[in-house]
Structures are given as C-alpha cells and as structure tokens.
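Read off the chains here:
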Amino acid sequence: MKGYGLVLGGGGARGLAHLGVWEVLEAHALKPAVVAGTSMGGLVGAFVAAGYSAAELQRLARGVSWRRLLDLRPTPGLIRQSAFSAWLAQHLPATFEELPTPLAITATDLLSGRAVYLTRGDLHTALRATTAYPGALEPVPYEDLLLSDGGILNQLPVDAALFLGARQVLAVNVTAPDPLELEGRRVLPLPWRRGASLGPVRALRRAVEIMQAQLTDARVNLYRPDVQLRPQLGDIDLMTFGRAEQAIAAGREAALANLPRLLTLQGAPGRPGA
C-alpha cells in the first residue's frame, strides 16, 4: 500500500488537537492512505476520511456546541444522542463504504469485554459507539453487541491501521494525563492536601484517564508507530471544549516540531513510491 496510516487517539476535548495536526499534514500534502481512530479521534478521523480539508474541519469545530453533542456529564443522554445522530447525518455519509479513504473505528463490547474494530456498514452508529463515554452516555446496541467508548481498551489503535494495510503509521496521542491541579495548585503526586476534593464525577473521570494512559503506553510498546506525536495540552481535560483554539494550536505545534520525521512517511512528496 502506498501512503501511511493516520491514527488519532481519544481524549474528549484534548482530541481537538487532531485538527491542528491535520492542518500541517494537509499543508505538506501528507494525505493518509488509511485512517483509524478512537472516541474523539474516531470522530475527527471520520471527517478526514470523508475528505474534509483542515479549514473546513476547523470551521465546523468552531461552529458547533460540543457540550450539546458530546456532553459527558452523567445525566440522561437521549436528547444528546438524538442531536448527535442528526449532526452526523448532516455532515457525514451513512456508511464506511462511502468514505473516500478507508477508516477503522474502535469500540468496546460490554457483553464480551472485548475490543471491536468497525470498518464496514453503519458509520453513524459506529461513531456514536466509540464516543459513548462510560458512565456518561448510554452504550449503543450494534447487531448482537453492546458497544461503548473504544478508549476503554484501545485508546490509540495503531493495530487497526496495520489491519487496514498501512506499512507506516503516524499516531497522535492525546491520552496521557498531566499532573492533576486543584484550586490552581498541583497536589498530585503526593502529598495530598487535607481538605482537597475531586468530587465523585471528576474522580471517576480521573480514574478512567489513568487507566487509559497505562493501557495506551502498554499497547504502544506492542504496536509501535513509526512517528508518534504527543501535543502539549497542559490542563485541557475531557470536558474543556471551550479551549478549542489552544488544543488546535498544540496539535499544530507538535506536528511542525516533528515535520522532518513526518516527511519521511511513505507517500510524502518527493519520496520513492509517492
């Protein structure tokens, strides 16, 4: 296969960094041959696979209420799911087969406890499944499966891009949590300050982030990408969609800082086989 595989990791609002990375890749004619993604990375990846330019995707991201579409607070999600489905139908084709670039999206089957790789059929259901953050959005029935967020087991699906036939892989990792801050002061790692409190919802989110970071590090050691970008996102977390410009800029900066390595990817302009 000519070209490389682009892998976009999950991370809620942190995943908006992918838009900045895509801006740099497009500017240097680094179009992927296949795309794979999880959660927010799966959503952005679907737009890349559908042929959206960086400018179109950033304009779309700036014009949408992410909290309305992907509100990850633990409240009933029927209205959100309906709005999300309508938004997907407005902007993306209904099936994987209609995408110009092959796409793989990960999800987790809550019945079997196994990772699932979605590459065919109903694209919108696959996207609702991969973004169904545990404890916040209802799992999505899909054939005989009950699917939830792909990041539960596979936050950075390098293996999915390899499965689609990529020989080289660029992975954008927005998973790793930074040291936690409370009241503007760093309190982790220990010592813990008496009286400081996360609250149950934030504690749950933090626990999931730590789990995902550990699993991602292990999987990256097993399936190593040729190039891995780790945008410096500071204290942007799962829910801080209001800081989209900062996240986009972090992705852009990470890609520009690693541009010489990006230009070594198969299919780069001027390379043999491009």
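What counts, and where the lines are drawn
- Residue numbers here run from 1 along each chain, matching the order of that chain's written sequence.
- Totals for whole chains, interfaces and linings use all residues, but because this is a predicted model, local features are given only for residues with pLDDT of at least 70 and pairs of side-chain atoms are given and counted only at 80 or more.
- Each side-chain value is derived from all of the structure's non-hydrogen atoms; neither hydrogens nor water enter the calculation.
- Under the DSSP-based scheme used, a helix requires at least four consecutive residues in state H or I and a strand at least two consecutive residues in state E, with every element numbered from the N terminus.
- We get accessible surface area from the Shrake-Rupley algorithm with a probe of 1.4 Å; when it comes to residues, only the shown protein chains can shield them.
- For every residue, the accessible area (1.4 Å probe, protein chains only) is compared with the maximum for its type, and the residue is labelled buried under 20%, exposed over 50%, or partly exposed between those bounds.
- Under this definition, polar contacts are N or O atom pairs within 3.5 Å; protein pairs additionally need one hydrogen-donor-capable and one acceptor-capable atom, and for neighbouring residues in sequence, both atoms have to be side-chain atoms.
- Contact definition: two residues touch when any of their heavy atoms are within 4.5 Å.
- The salt bridge definition used is simple: a Lys or Arg side-chain nitrogen within 4 Å of an Asp or Glu carboxyl oxygen.
- Aromatic contacts are taken between Phe, Tyr and Trp rings whose centres are within 6.5 Å, Trp giving its six-membered ring; a plane angle under 30 degrees counts as stacked, one over 60 as edge-to-face, and the others as tilted.
- In this analysis an axis means a line fitted to C-alpha atoms, helices contributing only their contacting stretch, and an angle means the value between N-to-C directions, from 0 to 180 degrees.
- Throughout this description, any angle smaller than 35 degrees is read as roughly parallel, any larger than 145 degrees as roughly antiparallel, any in the 65 to 115 degree range as roughly perpendicular, and the remainder as oblique.
- A clockwise turn of the near helix away from the far one marks a right-handed crossing, whereas an anticlockwise turn of less than a right angle marks a left-handed crossing.
- A pair of strands is considered paired only if DSSP assigns at least 2 bridges between the two.

### What about the overall build of the chain?
Per the secondary structure count, the chain includes ten helices and ten strands. Of the roughly 12400 Å² of accessible surface on the chain, a fraction of 55% belongs to carbon and sulfur atoms.

### Observations concerning helix α2 (residues 40-49)
Most of α2 is tucked away: ten of the ten residues are buried. Where α2 is concerned, the buried positions are Met 40, Gly 41, Gly 42, Leu 43, Val 44, Gly 45, Ala 46, Phe 47, Val 48 and Ala 49. Within two residues after α2, Gly 51 carries a phi angle of roughly 100 degrees, on the positive side.

### Details of the side chain of Thr 38
For Thr 38, the position within the fold is in strand β2 (residues 34-38). With relative accessibility at 0%, the residue Thr 38 sits in the buried group. At a separation of 2.5 Å, a polar atom in the side chain of Thr 38 contacts the side chain of Thr 106. If near-sequence neighbours (up to four positions away) are discounted, Thr 38 is found in contact with Leu 8, Gly 9, Gly 10, Thr 106, Thr 130, Asp 149, Gly 150, Gly 151, Asn 154, Gln 155 and Pro 157.

### A closer look at the pattern of salt bridges
Side chains bearing opposite charge may pair, as long as their charged atoms lie close to each other. Per the counting criterion, the structure on display carries three salt bridges. The partner of Arg 243 in a salt bridge is Asp 235, and the shortest N-O contact between them spans 2.9 Å.

### Things to note about unusual backbone geometry
Unusually for a residue other than glycine, Ala 29 sits at a positive phi of about 55 degrees. Tracing the backbone shows Ala 29 in the loop between α1 (17-27) and β2. By relative accessible area, which is 47% here, Ala 29 ends up partly exposed. Even without being a glycine, Glu 143 presents a positive backbone phi close to 55 degrees.

### Some words on the packing of aromatic side chains
In this description, an aromatic ring pair is defined by two values, namely the gap between the centres and the angle between the planes. Summed over the entire model, instances satisfying the criterion amount to three aromatic pairs. Arranged with centres 4.9 Å apart and planes meeting at 80 degrees, the rings of Phe 47 and Tyr 52 form a pair that is edge-to-face. Note on Phe 47: relative accessible area 2%, which makes it buried. Here the aromatic rings of Phe 84 and Trp 87 are separated by 6.3 Å at their centres, their planes lie at 20 degrees, and the arrangement is stacked. With Phe 84 and Trp 87 both in helix α5 (residues 78-91) and three residues apart, this pair spans about one turn of that helix. Grouping residues by exposure puts Phe 84 and Trp 87 together as buried.

### Regarding the packing of α1 against helix α3 (residues 54-63)
At a minimum axis separation of 9 Å, α1 and α3 run at an interaxial angle of 160 degrees. Judged by the angle between their axes, α1 and α3 are roughly antiparallel. The crossing of α1 and α3 is left-handed. Here α1 contributes Leu 19, Trp 22, Glu 23 and Glu 26 to the contact with α3, which in turn contributes Ala 54, Ala 55, Leu 57, Gln 58 and Ala 61.

### As for the pairing of strand β7 (residues 169-172)
Burial along β7 is two-sided: the residues Val 169 and Ala 171 and Leu 170 and Val 172 are all buried. Pairing between strand β1 (residues 5-8) and β7: four bridges, direction parallel. Its bridge partner being in β7, Leu 8 is matched across the sheet by Val 172. Looking at chain direction, β7 and strand β10 (residues 227-229) are connected through three bridges and run parallel. Each residue of the ladder has a partner; that of Val 172, found in β10, is Leu 229.

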